[in-house]
Amino acid sequence: MQLHVRHESEYTYDSPVALGPQMLYLYPRTYPYQRLLHYELLIDPQPARIVRNVDVEGNVQQVVYFNHPTKHLKVSADMELQSDDFNSFDFVFYPFDSKRVPFRYPKAIEDLLQPYLEQVGVSDRVRDWARELAVAANWQTTGFLIALNQSLRKFTYEIRELGAPFPPEQTLILRKGSCRDYTTLFMAACRSLGIAARFVSGYLFGNPQQEHQLHAWAEVYLPGAGWRGFDPTEGSLVLNRHIFLTSTAKPELAAPISGTFKGRANSTLRSELFFV
C-alpha cells in the first residue's frame, strides 16, 4: 500500500532570535519492504544552507543553517512511500542456539552491537520481570518477545507530548506511560537477557490515537533475522503500517527537530501530523 504523510512543526518567538544550526530527523529510513516515492522539505524562513548527512547509526540527518533573525521557524516534511506486506517472523535463527534466551552473539557481531546491549535502565526489578516472562515462555526467544510485547500492551496508555522517557523501572511500577516509555522498558527488558535493542521514532498509520503524533517502538537484533520491530503500545509486530524516521541506541537522540537560538524570547511550538 501507499502511505502519504505530512508533518508540520512551527516555532513562534515573541522577539526576534538568531537560530543556531537545527538538526532534523525527518527523512524516512529505507527498509527492504518500504521505499520512498516522494519527499519534499519546506522551511520558512528560507535557510542559508541545508547539509544532508548519514549519522553514525545510519539515519539521514539534515542540518539547517540560517543567517538572519526571525520570529518564527516552520518546518514541513511531505513524504510518500510504498509499503509492502511483510512477515516479521520469516527467518531462521542462525546460529540455532539463539532461539533460546539468554544467548551470546557471535563475537564479530557482538562487538558491533555493544551500544545496543548497554544495561541502561536495567534495574533488579526490570531484570526479574524479564526473567519471569522468559520462564513463562520456556526461554524461547520469540516467545519471550511476544510475551513482553503483550504484557506492555496491558499497561495504561497516556499521551505525554513533551519530555524524556521515564526510567524503565518507573514505567514498570506505575504500569502506565506513553509509547516512548513502553519502548524504553521493552529495550531494558531485552538487554537484561542479552538481546540487542534500539529505539525507533516514526509514524504509525491506522490507529486514530497515534496518527496525529510521532510514535515510538523498538527493534531487536536477532541472529539470522537482523533488526526486527516490535510495537509494545500496539502489542504487535512492526509490519507495513509503520514509517521509520530514526533508530538509535539512545532515545534522547531521536528528536525530529533539535537546535538552539540566541536572544531574549519565549517560544511556543505547534506540531501537526497528517496522513493524506
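A short tour of the structure in this document, coming up. (Residues numbered from 1 in each chain as written. Predicted model: local features only at pLDDT ≥ 70, side-chain atom pairs only at ≥ 80, totals over all residues. Heavy atoms only, no water.)

1. Description of the environment of Lys-176
Consideration 1: Structurally, the position occupied by Lys-176 is in strand S7 (residues 176-177).
Consideration 2: Among the residues examined, Lys-176 registers a relative accessible area of 36% and is labelled partly exposed.
Consideration 3: Here Lys-176 is in contact with Phe-155, Thr-156, Glu-158, Thr-171 and Tyr-182, once residues within four sequence places are set aside. (Helix = DSSP H or I, 4+ residues; strand = E, 2+ residues; numbered from the N terminus. Buried < 20%, exposed > 50% of the residue type's maximum accessible area, 1.4 Å probe, protein only. Contact = heavy atoms within 4.5 Å.)

2. Focus on the packing of helix H2 (residues 124-136) against helix H5 (residues 179-192)
The description of two packed helices rests on the angle between their axes and on the distance between the axes.
Consideration 1: Relative orientation of the contacting elements H2 and H5 amounts to 75 degrees, with a least axis distance of 9 Å. Our classification of the angle between H2 and H5 gives roughly perpendicular. The segment H2 lies against H5, with Val-126, Arg-127, Trp-129 and Ala-130 engaging Leu-185, Ala-188, Ala-189 and Ser-192.
Consideration 2: The class makeup of the residues in the contact of H2 with H5 is 6 nonpolar, 1 polar and 1 charged. (Axes fitted to C-alpha atoms, helices over the stretch in contact; angles between N-to-C directions. Parallel < 35°, antiparallel > 145°, perpendicular 65-115°, else oblique. Nonpolar A, V, L, I, M, F, W, Y, C, P; charged D, E, K, R; others polar.)

3. Section: the layout of surface pockets
Consideration 1: Each pocket or cavity is described by its volume, and for the largest pocket that value is around 930 Å³.
Consideration 2: Counting residues per element, the ones that place at least two in the lining of the largest pocket are strand S1 (2-24), H5, strand S8 (197-204), strand S9 (215-222) and strand S14 (267-275).
Consideration 3: Considering every element that reaches the lining of the largest pocket, the biggest residue donor is S14, with 5 residues.
Consideration 4: In the lining of the largest pocket, the residues fall into 17 nonpolar, 9 polar and 7 charged.
Consideration 5: Empty space within the second largest pocket amounts to approximately 270 Å³.
Consideration 6: If one sorts the elements of the lining of the second largest pocket by residue count, H5 sits on top with 4 residues.
Consideration 7: Of the residues in the lining of the second largest pocket, the class split is 11 nonpolar, 2 polar and 4 charged. (1 Å grid on protein atoms, 1.4 Å probe; cavity = no way out; pocket = protein on both sides within 12 Å on 5 of 7 lines; lining within 4 Å. Points joined across faces, edges and corners; volume = space filled by probe spheres on them.)

4. Things to note about the state of the cysteines
Consideration 1: Enumeration according to the criterion identifies 0 disulfides in this entry.
Consideration 2: Cys-190 provides the cysteine sulfur closest to Cys-179, a residue in no disulfide bond, and the two sulfurs are 17 Å apart.
Consideration 3: Exposure remark for Cys-179: the relative accessible area of 6% places this residue in the buried category. (Disulfide = S-S within 2.5 Å.)

5. A closer look at the pattern of salt bridges
Consideration 1: Using the criterion set out here, one finds 11 salt bridges in the structure.
Consideration 2: For Arg-35, the salt bridge goes to Asp-84, with nearest N and O atoms at 3.7 Å. One end of the pair, Arg-35, is in strand S2 (residues 34-44); the other, Asp-84, is in the loop between strand S5 (70-83) and helix H1 (107-112), and 49 residues separate them in sequence.
Consideration 3: We classify Arg-35 as partly exposed; its relative accessible area is 48%.
Consideration 4: The partly exposed category is assigned to Asp-84, whose relative accessible area is 30%.
Consideration 5: Measuring nitrogen to oxygen at the nearest pair gives 3.1 Å for the salt bridge that ties Lys-107 to Asp-111. Residue Lys-107 and its partner Asp-111 are both found in helix H1; the two are separated by 4 residues, about one turn of the helix. (Salt bridge = Lys/Arg side-chain N within 4 Å of Asp/Glu carboxyl O.)

6. Observations regarding the pairing of strand S10 (residues 226-231)
Consideration 1: Taken across its 6 residues, S10 has 5 buried, putting it largely inside the fold.
Consideration 2: Alignment of S9 against S10, held across 5 bridges, turns out to be antiparallel. Pairing of Val-220 across the sheet is with Arg-228, part of S10.
Consideration 3: The loop that links S9 with its antiparallel partner S10 comprises 3 residues; one of these, Gly-224, has a positive phi angle of about 95 degrees.
Consideration 4: Taken together, the 2 bridges between S10 and strand S11 (residues 236-237) define a ladder with antiparallel strand orientation. Looking at S11, one finds that Asp-231 is bridged to Ser-236.
Consideration 5: Connecting the antiparallel pair S10 and S11 is a turn made up of 4 residues, with Gly-235 showing a positive phi of about 70 degrees. (Pairing = 2+ DSSP bridges.)

7. Section: unusual backbone geometry
Consideration 1: The omega angle of the peptide bond from Asp-44 to Pro-45 is 10 degrees, so this bond is cis rather than trans.
Consideration 2: Note that Pro-45 resides in the loop between S2 and strand S3 (49-54).
Consideration 3: One non-glycine residue with positive phi stands out, namely Trp-139, at about 65 degrees.
Consideration 4: Note that Trp-139 resides in the loop between H2 and helix H3 (141-153).
Consideration 5: Here the phi dihedral of Arg-175 falls at roughly 55 degrees; this positive angle occurs in a residue that is not glycine.
Consideration 6: Its place among the elements puts Arg-175 in the loop between helix H4 (168-174) and S7.

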